[in-house]
Amino acid sequence: MAIERTLSIIKPDATARNITGKIIDKLESAGLRVVAQKRTKWSTADAEAFYAVHKERPFFNDLVAFMTSGPIVLQVLEGEGAVLKNRDVMGATNPADAADGTIRKDFAENIERNSVHGSDSAENAAAEIAMCFKDDELVG
Ligand code: CMP
């Protein structure tokens, strides 16, 4: 499988509980390498732009409010099949459905406060990475 890059976000529920290191440990232990990383806080416009694909969903406003409620960690992960690997390590969107040992099973609070985001395809990964980082911020 090819070496890929994917966007990962550690969400406000996880930064609030001071567990970013535990989450990064699971990602690195799975063979993913952090090639860009920054802790930041999104504006409403940032969150609305990032989640624009979900604009019509009933949970959109809550999602934007949650994602702007505290610090987040944006990171680009690199590795073999990184998009799928990251999603495997994250587990299902709803922690009630997540497999044992996954980030969401171990740390997520509910379907909204689910600790991490990961790109769902190589195409979306490229778009999300471009939204969050400049080319020269990626250091492989
Ligand atoms: P994420 O992978 O960041 O993509 C969209 C987010 O919307 C998702 O994780 C959840 O945190 C949030 N969300 C809230 N409610 C729902 C829902 N009913 N279905 C899917 N995603 C939801």
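Residues numbered from 1 in each chain as written. Predicted model: local features only at pLDDT ≥ 70, side-chain atom pairs only at ≥ 80, totals over all residues. Heavy atoms only, no water.

*Asks:* Let's hear about the site of the ligand: which residues, and what values?
*Replies:* In the vicinity of the ligand, the residues found are Lys11, Tyr51, His54, Phe59, Leu63, Thr93, Arg104, Ile111, Glu112, Asn114 and His117. Tyrosine 51 has a polar side-chain atom sitting 2.6 Å from an oxygen atom of the ligand. For the ligand, an oxygen atom lies 3.2 Å from a polar atom in the side chain of asparagine 114. Burial of the ligand by the protein chains amounts to 79% of its free accessible area of 450 Å². When grouped by side-chain class, the residues that make up the shell around the ligand number four nonpolar, four polar and three charged. (Near = heavy atom within 4 Å. Polar contact = N/O pair within 3.5 Å; in protein donor to acceptor, adjacent residues only side chain to side chain. Areas by Shrake-Rupley, 256 points an atom, 1.4 Å probe, with all protein chains shown as cover. Nonpolar A, V, L, I, M, F, W, Y, C, P; charged D, E, K, R; others polar.)

*Asks:* Give a description of the sheet that holds strand S4 (residues 116-118) that names residues and reports values.
*Replies:* Strand order in the open sheet made by the four strands is S2-S3-S1-S4, with antiparallel pairing throughout. Lying at the two open borders of the sheet, with one neighbouring strand each, are strand S2 (33-40) and S4. Across the sheet, the mean angle from the axis of one strand to that of its neighbour is 20°, orientation sign disregarded. The pairing of strand S1 (residues 3-10) with strand S3 (residues 72-80) spans eight bridges and is antiparallel. Across the sheet, the residue bridging to isoleucine 10 is valine 73, located in S3. The strands that helix H5 (residues 82-90) touches are S1, S3 and S4; relative to S1, the one it contacts most, it runs at about 35°. (Pairing = 2+ DSSP bridges. Helix = DSSP H or I, 4+ residues; strand = E, 2+ residues; numbered from the N terminus. Axes fitted to C-alpha atoms, helices over the stretch in contact; angles between N-to-C directions. Contact = heavy atoms within 4.5 Å.)

*Asks:* Could you give an account of the pattern of salt bridges, with specific residues and numbers?
*Replies:* What the rule picks out here adds up to seven salt bridges. The residue arginine 5 makes a salt bridge to glutamate 78 at a minimum N-O spacing of 2.7 Å. With arginine 5 in strand S1 and glutamate 78 in strand S3, this residue pair connects regions lying 73 residues apart in the sequence. Owing to a relative accessible area of 33%, arginine 5 belongs among the partly exposed residues under this scheme. Close ionic contact of glutamate 137 with lysine 38 constitutes a salt bridge, the shortest N to O distance being 3.4 Å. A residue pair is termed long-range when its members are at least 10 positions apart, and glutamate 137 in the segment after helix H7 (122-132) and lysine 38 in strand S2 qualify at 99 residues. The exposure class assigned to glutamate 137 is partly exposed, which follows from its relative accessible area of 29%. The network of salt bridges with shared partners includes Asp13, Arg17, Glu109 and Arg113. (Salt bridge = Lys/Arg side-chain N within 4 Å of Asp/Glu carboxyl O. Buried < 20%, exposed > 50% of the residue type's maximum accessible area, 1.4 Å probe, protein only.)

*Asks:* Describe unusual backbone geometry, and please don't skip the residues or the numbers.
*Replies:* One non-glycine residue, asparagine 18, adopts positive backbone phi at about 60°. Examined against the element boundaries, asparagine 18 turns out to sit in the loop between helix H1 (12-16) and helix H2 (20-29). Phi is positive for serine 115, close to 70°, though the residue is something other than glycine. Following the sequence through the fold, serine 115 ends up in the loop between helix H6 (103-107) and S4.

*Asks:* How would you summarise the packing of aromatic side chains if you had to cite specific residues and measurements?
*Replies:* The description of an aromatic ring pair rests on the distance of the ring centres and on the angle between the ring planes. With the rule as written, the count across this model stands at two aromatic pairs. Measuring from centroid to centroid gives 5.1 Å for tryptophan 42 and phenylalanine 50, while their planes differ by 40°, and the two rings are tilted. The exposure classification of tryptophan 42 matches that of phenylalanine 50, with both residues buried. An angle of 85° between the planes, with centres 5.1 Å apart, marks the rings of phenylalanine 50 and tyrosine 51 as edge-to-face. Across the pair, tyrosine 51 and phenylalanine 50 agree in class, each one buried. Ring pairing ties together the aromatic residues Trp42, Phe50 and Tyr51, which thus form one cluster. (Phe/Tyr/Trp six-rings, centres within 6.5 Å; stacked < 30°, edge-to-face > 60°.)

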